[in-house]
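Architecture at a glance
So the chains spell out like this:
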Amino acid sequence: MGTALKPPEPQAAIVFGASGDLTRRKLLPAFWHLFVEGLLPQGFAIVGYARSKMTTQEFQERARDSIREFAKTDPVGEEWEEFKKLLFYLPGEFESELAMEELCALLVTLDESRGTNGGRFFYCATPPMAYPLIVARIGESRMNPEARIVIEKPFGRDLESARELNAALHRVFDESQIFRIDHYLGKETVQNILAFRFANGIVEPIWNRRYVDNVQITVAEEIGIEGRGAFYEQTGALRDMVSTHLFQVLTFLAMEPPVSFEPNRLRDEKVKVLQAMQECSPERVVRGQYEGYRSEPDVAPDSTTETFVALELLIDSWRWAGVPFFLRTGKLLNRKLSETSLSFRDVPFNVFKGTDATVPQRDHLTFRVQPNEGILLDFNVKRPGLSMALELAQLDFDYQTSFQAPLVDAYEVLLLEAMKGDHMLFTREDEVERAWEVLTPVLLDPPEVRPYRPGSWGPDEADALIAPRRWHVCPPPGQKHVPESE
């Protein structure tokens, strides 16, 4: 996003956890697409590293299977044969001292045979508990100078663990070498929030407390925990989604215009939003758990882990003072969607009072992150007929119908930016720690979990949290919008 669309410098990409699901579903297809688009350097290699016993040839076949299943372009012909030559595999572990000496030797060999020229790009596609061990092993084998390292969310599970993780990273890497990845920031539709806000003169005058009544962010999933009970019991919706995805979107919505798109200037403004945010009160949080969760594999029969969370946040700034930000996310909800909307204030005076006109409904500006990606503006119009009946209509920008090119996968964007060393779409140390500070009161005193029916929008208490307002989501394609009654 911050640099021209050209290949990065020669380097070897080392994927820790190469036999895992993230590598299979996201990383290998993303590397393949970058290769097909000519966006990988001439001197390049991908080295898979994991405990699984596997040969390079077997890793190449696994890669082909995953690309065939999850990529947009089939791995066939001369292109696949050339890409296959980039793939290498080395079985290994992280616990033992100097466990990566063999990896270090392989990378030196690839510098000569593949022209990677000493460039090192480490990607931690492992459980977070392995990060400190991986970093320590890299440091012992002296592979860290000028290298870059990517770590996946969650970045700790509270403020203390986040600080411990940052300290472990900084014992080996400088902050400029660290890329904390949140794939939401790689989504075209999330980046488009910045384009919409800062490239349109009509927007800025109304983007504040004078015109906005409330802001809502919803990230809903139709699926449950999909067999990840052990992982989910350690995280829950609050740690897994709110401190990462939802906070990232919130900062894009609430930030002040940066003086430039230089990475740290943009990230400075995101941090200012979090610094101005009040700590989250447990009284303004609803935790829910879908019925049947406690029967999932690896879930405790008396589990109090939340699969749904809704909360209210307040930002003490000149722009947003008094405007509530409502966030919610959960599993096994009514349908899959990620949306954020600004609900505008009611008209100051209803000039239709005393007529047979219906009451004007609240205007909304909605960013549809997924699916049906686009931007929707709800506004009042006169319904055709003899009476002054008002109805909500929409101005609808849709990516699929407006552009011929398909949306680029978030991991493709983020891999390319990280390999180039551009930090704009990655999370900084102070941003991570301040996010955990905001959530600390809830982590220390979590409200009781409330049951909710699978296929609903969560527990009834979430509706009470936002009352007298209502949660706003766009209707599925082909269905009529149901206005709020506020």
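Our subject in this report is the structure included herewith. (Residues numbered from 1 in each chain as written. Predicted model: local features only at pLDDT ≥ 70, side-chain atom pairs only at ≥ 80, totals over all residues. Heavy atoms only, no water.)

1. Focus on the overall build of the chain
Looking only at helices and strands, one finds 13 helices and 15 strands in the chain. Based on the C-alpha atoms only, the size of the chain along its principal axes is roughly 85 × 50 × 40 Å. Residues classed as buried in the chain amount to 53% of the 486 residues present. A separation threshold of at least 6 residues defines the contact pool for the chain, and within that pool the share at least 24 residues apart is 77%. (Helix = DSSP H or I, 4+ residues; strand = E, 2+ residues; numbered from the N terminus. Buried < 20%, exposed > 50% of the residue type's maximum accessible area, 1.4 Å probe, protein only. Contact = heavy atoms within 4.5 Å.)

2. Quick word on the sheet that holds strand 6 (residues 178–181)
Pairing is parallel across the open sheet formed by six strands, whose spatial order is 3-2-1-4-5-6. Of all strands in the sheet, those bounded by a partner on one side alone are strand 3 (87–91) and strand 6. Between one strand axis and the next, the sheet turns through 20° on average, direction left out of account. Where strand 1 (residues 11–16) meets strand 2 (residues 44–50), six bridges bridge the pair, whose relative direction is parallel. Bridge pairing in strand 2 links A12 to A45. Packing against the sheet, helix 4 (residues 101–113) makes contact with strand 1, strand 2, strand 3 and strand 4 (120–124), and its axis sits at approximately 165° to strand 2. Contacting strand 1, strand 4 and strand 5 (148–152), helix 5 (residues 131–140) crosses the sheet at an angle of about 170° to strand 5. (Pairing = 2+ DSSP bridges. Axes fitted to C-alpha atoms, helices over the stretch in contact; angles between N-to-C directions.)

3. Here's the deal with unusual backbone geometry
Cis geometry is found at the peptide bond from K153 to P154, where omega equals -5°. Structurally, P154 can be placed in the loop between strand 5 and helix 6 (159–170). Even without glycine at this site, E146 takes up a positive phi of about 60°. By the element assignment, E146 lies in the loop between helix 5 and strand 5. The phi dihedral of E226 is positive, around 55°, even though this residue is not glycine.

4. With respect to the packing of helix 9 (residues 263–276) against helix 12 (residues 429–444)
The geometry of helix 9 relative to helix 12 is characterised by a closest axis approach of 9 Å and an angle of 20° between their N-to-C directions. Put simply, helix 9 runs roughly parallel to helix 12. At the point where helix 9 passes helix 12, the crossing takes the left-handed sense. Residues K270, V271, L274 and Q275 of helix 9 form the contact with helix 12, whose own contacting residues are D430, E431, R434, A435 and V438. Partitioning the contact of helix 9 with helix 12 into residue classes produces four nonpolar, one polar and four charged. (Parallel < 35°, antiparallel > 145°, perpendicular 65-115°, else oblique. Left-handed = near helix turned anticlockwise from the far one by under 90°. Nonpolar A, V, L, I, M, F, W, Y, C, P; charged D, E, K, R; others polar.)

5. Examining the packing of helix 5 against helix 6
Packing of helix 5 against helix 6 brings their axes to within 9 Å, and their N-to-C directions diverge by 15°. The angle between helix 5 and helix 6 falls in the class roughly parallel. Seen from above, helix 5 lies across helix 6 with left-handed handedness. Only L165, A168 and L169 of helix 6 make contact with helix 5, whose side of the interface consists of Y131, P132 and V135. Looking at the contact of helix 5 with helix 6 residue by residue, the class counts come to six nonpolar, no polar and no charged.

6. Focus on the side chain of D378
Locating D378 in the fold gives a position in strand 13 (residues 374–382). An unpaired buried charge is present at D378: no salt bridge exists, and R368, the closest side chain of opposite charge, is 8.1 Å distant. A polar contact is formed between the side chain of D378 and the side chain of Q394, at a distance of 3.3 Å. (Lys, Arg positive; Asp, Glu negative; His and termini not counted. Salt bridge = Lys/Arg side-chain N within 4 Å of Asp/Glu carboxyl O. Polar contact = N/O pair within 3.5 Å; in protein donor to acceptor, adjacent residues only side chain to side chain.)

7. Side note on empty space enclosed by the protein
The rolling of a water-molecule-sized probe over the atoms marks out the regions of remaining empty space. Under the definition given, this model contains one cavity of 30 Å³ or more. Estimated volume of the largest cavity: approximately 80 Å³. Considering the residues around the largest cavity, the lining is formed by F155, D182, S243, T244, Q248, T427, E431, V432, A435 and W436. When residues of the lining of the largest cavity are traced back to their parent elements, those giving at least two are helix 8 (229–254) and helix 12. Here the lining of the largest cavity gets four residues from one element, more than from any other, and that element is helix 12. Residue composition of the lining of the largest cavity, by class: four nonpolar, four polar and two charged. (1 Å grid on protein atoms, 1.4 Å probe; cavity = no way out; pocket = protein on both sides within 12 Å on 5 of 7 lines; lining within 4 Å. Points joined across faces, edges and corners; volume = space filled by probe spheres on them.)

8. Observations regarding the environment of Y184
Tracing the sequence through the fold places Y184 in the loop between strand 6 and helix 7 (188–198). Not counting the four nearest positions on each side in its chain, Y184 is found in contact with V190, V219, H245, V249, S338, V369 and Q370.

9. Quick notes on the pairing of strand 9 (residues 308–313)
Burial within strand 9 is extensive, with six of its six residues counted as buried. What you see with strand 9 is no split at all: F308, A310 and E312 on one side and V309, L311 and L313 on the other are buried throughout. As paired strands, strand 8 (residues 285–290) and strand 9 are joined by four bridges and run antiparallel to one another. Bridging from a neighbouring strand, V286 pairs with A310 of strand 9.

10. Describing the packing of aromatic side chains
Scanning the model with the defined rule gives 21 aromatic pairs in all. Ring geometry for F16 against F122: centres 5.9 Å apart, planes inclined by 15°, an arrangement best described as stacked. Note that F16 is positioned in strand 1 and F122 in strand 4, a separation of 106 residues in sequence. Considered together, F16 and F122 belong to a single accessibility category, that of buried residues. Centroid distance W207 to F367: 6.5 Å. Interplanar angle 65°. Geometry classified as edge-to-face. (Phe/Tyr/Trp six-rings, centres within 6.5 Å; stacked < 30°, edge-to-face > 60°.)

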